[in-house]
Amino acid sequence: MTEATKSGEERARILSEALPYLLRYDEATVVIKYGGHAMGEEELAVTFGRDVAWLQLSGLYPVVVHGGGPQINAMLERLQIKSTFVDGLRITDEKMVEVVEMVLAGTVNKQVASLITAAGVTAVGISGKDGGLIRARKLMRTKKDPGSNIERVLDLGFVGEPEFVDTRVLTALRGAEIVPVIAPVGIGPEGRTYNINADTVAGAVAGALHAKRLLMLTDVPGVLDRDKKLIAELTCAEAEALIADGTVSGGMIPKVEHCVQAVRAGAEGAVILDGRIPHAILLELFTEHGAGTLIRP
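So, a few notes on the structure that sits alongside this text. None of the values given here were measured: they were computed from a predicted structure.

Attention now goes to the side chain of Thr92. Considering the arrangement of structural elements, one finds Thr92 in the loop between β4 (89–90) and α5 (94–118). If we skip the residues at most four places from it in the chain, Thr92 touches Val97, Leu156, Gly157, Phe158, Val159 and Asn195.

Take a look at the structure:
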């Protein structure tokens with residue numbers, strides 16, 4: 001048997017083993033939050049575009065929500081606009097929100113859509129403002145003064161959170177077999193633009209669409225226990241308990257919280273997985289053991 005024949009048989013075996021999973025996810029909605037190293041490295045970006053195209057061609061309905069923090073930082077630096085962060089959230093004034101929208105809904109959004117289209121399916125870049133997709137409200141945060149222990153309200157400017165997701169534009173794109181690529185910008189009262197965290201938008205969209213899966217591509221393998229071993233599956237209650245006892249900490253807390261919120265809002269399950277691994281999406285959906293931590297009801 002030649003090496004070419006062996007290689008062909010291996011590929012056929014892999015496709016055959018994927019059949020039960022293809023049937024499980026046939027016509028299912030899968031919301032993918034795209035960011036981190038998976039978005040920043042060219043080879044991984046091209047692979048991501050192909051994987052999303054593969055999902056669409058295999059009978060699934062992928063919806064992509066992307067971030068763009070590094071690209072925003074680069075543009076602000078070029079324009080000599082200084083950023084200030086509070087608890088990981090960028091304070092966004094009127095001048096800065098224009099830059100954020102320009103980068104997220106412009107350059108980055110079209111680049112991601114182009115990656116998917118180049119792989120063989122039609123993708124269209126939109127923002128949460130298009131068609132009133134994401135109606136936003138101002139995000140309110142409080143912070144305790146360590147000296148006096150008095151809570152004060154933080155004004156983050158034009159930073160928002162989803163109040164309502166109007167899925168009609170997504171339904172229309174699905175009917176036309178077009179992959180939506182969503183920039184995390186929302187529209188508030190009086191037409192104001194709000195910068196929204198991409199994880200928050202992905203969770204809200206997944207819940208509104210009652211997605212089969214929300215896939216959060218991150219720069220970590222998933223949720224780890226105290227021994228730093230990957231936890232394959234958690235209920236929402238178990239995930240919240242890990243936050244409460246400190247097992248889940250730092251930047252993982254909001255990611256886990258957004259997954260829990262998405263599941264409780266209607267998504268069947270949410271997965272935190274390592275976007276640095278090539279084909280992480282396909283490994284999670286179409287192999288027995290998956291590639292991250294599944295959070296379910």
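More follows now that the structure is in view.
This part covers the nonpolar core. If you look at the biggest cluster of nonpolar residues, it comprises 47 residues, and the most contacted ones within it are Ile32, Tyr34, Phe48, Val112, Ile116, Leu285 and Phe286. Take this core: its biggest share by element is 10 residues, from α5. Apart from the residues within four sequence positions on either side, Ile116 is in contact with Gly49, Val52, Ala53, Val64, Val121, Ala123, Val179 and Val181. One finds Tyr61, Tyr194, Ala202 and Val263 within the second-largest nonpolar core, a separate group that totals 41 residues.

Over its 16 residues, helix α3 (residues 42–57) extends 23 Å from the first C-alpha to the last, a length consistent with the 22 Å expected when each residue adds 1.5 Å. Among the residues making up α3, those that are buried are Leu44, Ala45, Thr47, Phe48, Gly49, Asp51, Val52, Ala53, Leu55 and Gln56. Phi turns positive, to about 100°, at Gly59, one or two residues after α3.

A few words on helix α7 (residues 198–208). Most of α7 sits inside the fold, with 9 of its 11 residues counted as buried. When we look at burial in α7, the residues that qualify are Ala198, Asp199, Thr200, Val201, Ala202, Gly203, Val205, Ala206 and Gly207. The backbone nitrogen of Asp199 lies 2.8 Å from a side-chain oxygen of the residue at the head of α7, namely Asn197. One or two residues past the end of α7 sits His210, with phi positive at roughly 50°.

If you walk through the whole model with that rule in mind, you get 15 salt bridges. Glu268 is paired through a salt bridge with Lys212; the nearest N and O atoms lie 3.2 Å apart. Taken together, the positions of Glu268 in the loop between α9 (252–265) and β15 (270–274) and Lys212 in the loop between α7 and β13 (213–218) put the pair 56 residues apart, joining distant regions of the chain. Here Arg264 and Glu240 are joined by a salt bridge, their closest N and O atoms 2.7 Å apart. You can see Arg264 sitting in helix α9 and its partner Glu240 sitting in helix α8 (residues 236–244), a full 24 residues away along the chain. Taking the relative accessible area as the measure of exposure, Glu240 reaches 36% and is therefore partly exposed. Taken together, the salt bridges that share partners define one network made up of Lys33, Asp199 and Lys255.

The rules behind these values
- All chains use their own residue numbering, which begins from 1 and follows the written sequence.
- The predicted nature of this model means local features are confined to residues of pLDDT at least 70 and side-chain atom pairs, given and counted, to a pLDDT of 80 or more, with totals for whole chains, interfaces and linings taken over all residues.
- For the side-chain quantities, the full set of heavy atoms in the structure was used; hydrogens and water were omitted.
- Secondary structure elements are taken from DSSP: a helix is a run of H or I of four residues or more, a strand is a run of E of two residues or more, and numbering for both begins at the N terminus.
- Residues count as neighbours in contact if any of their non-hydrogen atoms are within 4.5 Å of one another.
- Side-chain atoms within 4.5 Å are what join buried Ala, Val, Leu, Ile, Met, Phe, Trp, Tyr and Cys residues into a set we call a nonpolar core.
- Here's how the labels work: a residue is buried when its accessible area is under 20% of the maximum for its type, exposed when over 50%, partly exposed in between, all with a 1.4 Å probe on protein chains only.
- What a helix is expected to span follows from its residue count: subtract one and scale by 1.5 Å.
- As used in this structure description, the phrase polar contact means that two N or O atoms lie within 3.5 Å; if the pair is within protein, one of them must be able to donate a hydrogen and the other to accept it, and residues adjacent in sequence are counted only when both atoms belong to side chains.
- Salt bridge, as used here: a side-chain nitrogen of Lys or Arg that lies within 4 Å of a carboxyl oxygen of Asp or Glu.

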